[in-house]
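Chains, contacts and geometry: an overview
Here's the letter readout for the chains.
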Amino acid sequence: MAQALNKKRLRDTRILMVLTLLAGVFTSSLWSHESVAHGLMDFSGYVLIVICAIGRIYSTAFIGGIKNESLIMVGPYSVVRNPLYFFSLLGAVGIGLMSAHIASFVIISVGFALIYHFLIKREEEFLEQQFGDLYRDYTKRVPRLLPKLSLYTCPQELVFQPRFLNKAVADAIWWFAALPLFEIAEVLQEHGVIKPLFSLI
């Protein structure tokens with residue numbers, strides 16, 4: 001079940017990213033590319049993507065190779081039950097901001113919320129069956145998606161499998177692909193290569 005959910009999540013996320021990019025390419029922003037507002041959105045989005053990438057790598061160090069075999073309740077998992085999804089949410093919002101298009105922002109934010117809401121619920125059902133009372137107690141203490149930093153606990157030593165950390169680093173790099181893609185789209189729009197279908201903030 002876990003593998004099937006993961007494959008569906010990856011497929012749906014890729015579709016969402018493509019739709020977000022298309023919205024950014026074929027709509028134009030009311031803010032000029034040189035405006036302060038546009039620059040602030042780019043910067044804010046980039047910061048969120050950096051946090052997303054670092055957070056996902058950090059979270060993977062705790063769970064890589066033992067997901068669904070052991071219930072991890074330390075490190076990032078001590079403050080939020082789904083840290084990988086939380087950091088992905090930050091990355092998604094960052095991409096939406098970097099696009100500087102309300103269409104892209106709405107597509108990726110709403111799409112992400114829908115995809116991951118149902119995914120998390122199915123995963124929770126699986127984990128409850130897998131770990132029973134231990135997981136139920138965990139859900140009572142630790143929030144689902146918004147971290148509660150005061151709960152943070154971490155062991156002095158951590159054993160991890162490098163191949164999973166390497167994969168997390170490779171995956172994290174893809175989050176940064178949004179910036180050059182949106183920049184290329186803006187240049188192509190400025191030179192008339194791509195004609196926006198309509199204009200949105």
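One structure accompanies this document, and this report is about it. Model, not experiment: these values are computed from the prediction. (Residues numbered from 1 in each chain as written. Predicted model: local features only at pLDDT ≥ 70, side-chain atom pairs only at ≥ 80, totals over all residues. Heavy atoms only, no water.)

On to the pattern of salt bridges. Under the definition given, this model contains five salt bridges. In this structure, the salt-bridge partner of E124 is R81, at a minimum N-O distance of 2.7 Å. One end of the pair, E124, is in helix α4 (residues 102–131); the other, R81, is in the loop between α2 (36–63) and α3 (83–99), with 43 residues separating them in the sequence. For E128, the salt bridge is made with R136, and the minimal N-O distance between the two is 2.9 Å. Judged by its relative accessible area of 34%, E128 falls in the partly exposed class. The class of R136 is partly exposed, set by a relative accessible area of 32%. Put simply, R81, E124 and R144 are held in one network by salt bridges that share partners. (Salt bridge = Lys/Arg side-chain N within 4 Å of Asp/Glu carboxyl O. Helix = DSSP H or I, 4+ residues; strand = E, 2+ residues; numbered from the N terminus. Buried < 20%, exposed > 50% of the residue type's maximum accessible area, 1.4 Å probe, protein only.)

Attention now moves to the nonpolar core. Of all hydrophobic cores here, the largest spans 16 residues; its most connected members are I95 and Y116. Every element with two or more residues in this core is listed here: α2, α3, α4 and α7 (178–190). Excluding its chain neighbours within four sequence positions, the residues that come into contact with I95 are M17, T20, I49, I108, W175, A178 and F182. If you look at the next biggest cluster of nonpolar residues, it comprises 14 residues, including A61, F62, L84 and Y138. (Core = buried A, V, L, I, M, F, W, Y, C linked by side-chain atoms within 4.5 Å. Contact = heavy atoms within 4.5 Å.)

Attention shifts here to the environment of S109. Looking at the element boundaries, S109 is found in helix α4. Considering only alpha carbons, one finds S109 and T20, 89 residues apart in sequence, at a separation of 9.6 Å. A polar side-chain atom of S109 sits 2.8 Å from the main-chain carbonyl oxygen of F105. (Polar contact = N/O pair within 3.5 Å; in protein donor to acceptor, adjacent residues only side chain to side chain.)

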